[in-house]
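# Examination of the molecular architecture
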Amino acid sequence: MSEAGNRLQNGLVDIESQLERARRKLEDGLNLVDEAQKALSDIQQAVLGAPAPGAQADSEETASKLLASLKAQGQEMPETLCGGRMNVDAVQRLIRIDGHPIGITEMEYRVLELLAYARNNVVTRNMLLKHLYRRADDQPQPKIIDVFISKLRKKLRSASGGAEFIETIPQRGWILRDIDQG
């Protein structure tokens, strides 16, 4: 092999080595974030007396049962939520806050739809993934749910003058609180 070929091969080996080190650092960082979130959840549980999160298998089973139950009941989304501040037009897939329509995407609507069906009950990431992406080979990275929730929260907050409709339950999921906020 020529000297240029050897340099190229050595360069590729170095790049692969750097990528592997970066991947390990990223995994270590993600593990630290998970540990910090668990510690925060434990502290919140101790301070606020929040219910302890169940085992992962339990929460997935509970999520599947709740989603199956909602579908089996043929339950429809209520016309008004959150003390009447949020109105839902299921036919046009339009959401109004305090009478004013807000622009949301189809996926954001579907997230809100499941939160509304299950209002006052925790909706997990797995439930939302199953609701949004029915085929297993169609499912994106689970963190996409965080993106949808974040964008939806910003739009709802903006349209409502700062009201928080979606509550995060650490290590478990989200709840749309159907309470009077106005």
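The structure under discussion appears in the preceding block.
Notes on the structure in this doc start here. (Residues numbered from 1 in each chain as written. Predicted model: local features only at pLDDT ≥ 70, side-chain atom pairs only at ≥ 80, totals over all residues. Heavy atoms only, no water.)

## As for the overall build of the chain
Counting secondary structure elements, the chain contains five helices and six strands. The order of helices and strands in the chain, counted from the N terminus, is α-α-β-β-β-β-α-α-α-β-β. Counting every position in the chain, which comprises 182 residues, the buried fraction comes to 28%. Taking as baseline every contact in the chain between residues at least 6 positions apart, the subset at least 24 positions apart corresponds to 55%. (Helix = DSSP H or I, 4+ residues; strand = E, 2+ residues; numbered from the N terminus. Buried < 20%, exposed > 50% of the residue type's maximum accessible area, 1.4 Å probe, protein only. Contact = heavy atoms within 4.5 Å.)

## Considering the packing of helix α4 (residues 125-132) against helix α5 (residues 144-160)
The geometry of α4 relative to α5 is characterised by a closest axis approach of 10 Å and an angle of 90° between their N-to-C directions. With respect to α5, the axis of α4 lies roughly perpendicular. Note on element contacts: α5 touches α4 through Ile 144, Ile 145, Asp 146, Phe 148 and Ile 149, opposite Arg 125, Leu 128, Leu 129 and Leu 132. Here the contact of α4 with α5 is built from residues that sort into seven nonpolar, no polar and two charged. (Axes fitted to C-alpha atoms, helices over the stretch in contact; angles between N-to-C directions. Parallel < 35°, antiparallel > 145°, perpendicular 65-115°, else oblique. Nonpolar A, V, L, I, M, F, W, Y, C, P; charged D, E, K, R; others polar.)

## So, the side chain of Glu 108
Relative to the helices and strands, Glu 108 resides in helix α3 (residues 106-117). Residue classification places Glu 108 among the buried positions, given a relative accessible area of 2%. Only 2.8 Å separates the side chain of Glu 108 from the side chain of Lys 155, close enough to count as a polar contact. Residues in contact with Glu 108, not counting those within four places in the same chain, are Phe 148, Lys 151, Leu 152 and Lys 155. (Polar contact = N/O pair within 3.5 Å; in protein donor to acceptor, adjacent residues only side chain to side chain.)

## Details of unusual backbone geometry
Its identity is not glycine, yet Asp 98 carries a phi of approximately 50°, on the positive side. Within the element layout of this structure, Asp 98 appears in the loop between β3 (94-97) and β4 (100-102). Overall, the relative accessible area of 38% leaves Asp 98 in the partly exposed class. The phi dihedral of Gln 171 is positive, around 65°, even though this residue is not glycine.

## Thoughts on the pattern of salt bridges
For the structure shown, the criterion picks out eight salt bridges. Close ionic contact of Arg 85 with Asp 98 constitutes a salt bridge, the shortest N to O distance being 2.6 Å. A residue pair is termed long-range when its members are at least 10 positions apart, and Arg 85 in the loop between β1 (80-81) and β2 (86-89) and Asp 98 in the loop between β3 and β4 qualify at 13 residues. On the basis of relative accessibility, which here comes to 13%, the residue Arg 85 falls in the buried class. Put simply, Asp 146 and Arg 125 hold a salt bridge, and the shortest N to O gap is 3.0 Å. Of this pair, Asp 146 sits in helix α5 while Arg 125 is found in helix α4, placing the two residues 21 residues apart along the sequence. Classification of Arg 125 by relative accessible area gives partly exposed; the value is 25%. (Salt bridge = Lys/Arg side-chain N within 4 Å of Asp/Glu carboxyl O.)

## Points about the pairing of β3
By the bridge criterion, four bridges tie β2 to β3 in an arrangement that is antiparallel. If you follow Val 88 over to β3, its bridge partner there is Ile 95. Where β2 hands over to β3, the hairpin turn is made up of four residues, of which Arg 93 adopts a positive phi near 55°. As judged from the three bridges shared by β3 and β4, these two strands associate in the antiparallel manner. (Pairing = 2+ DSSP bridges.)

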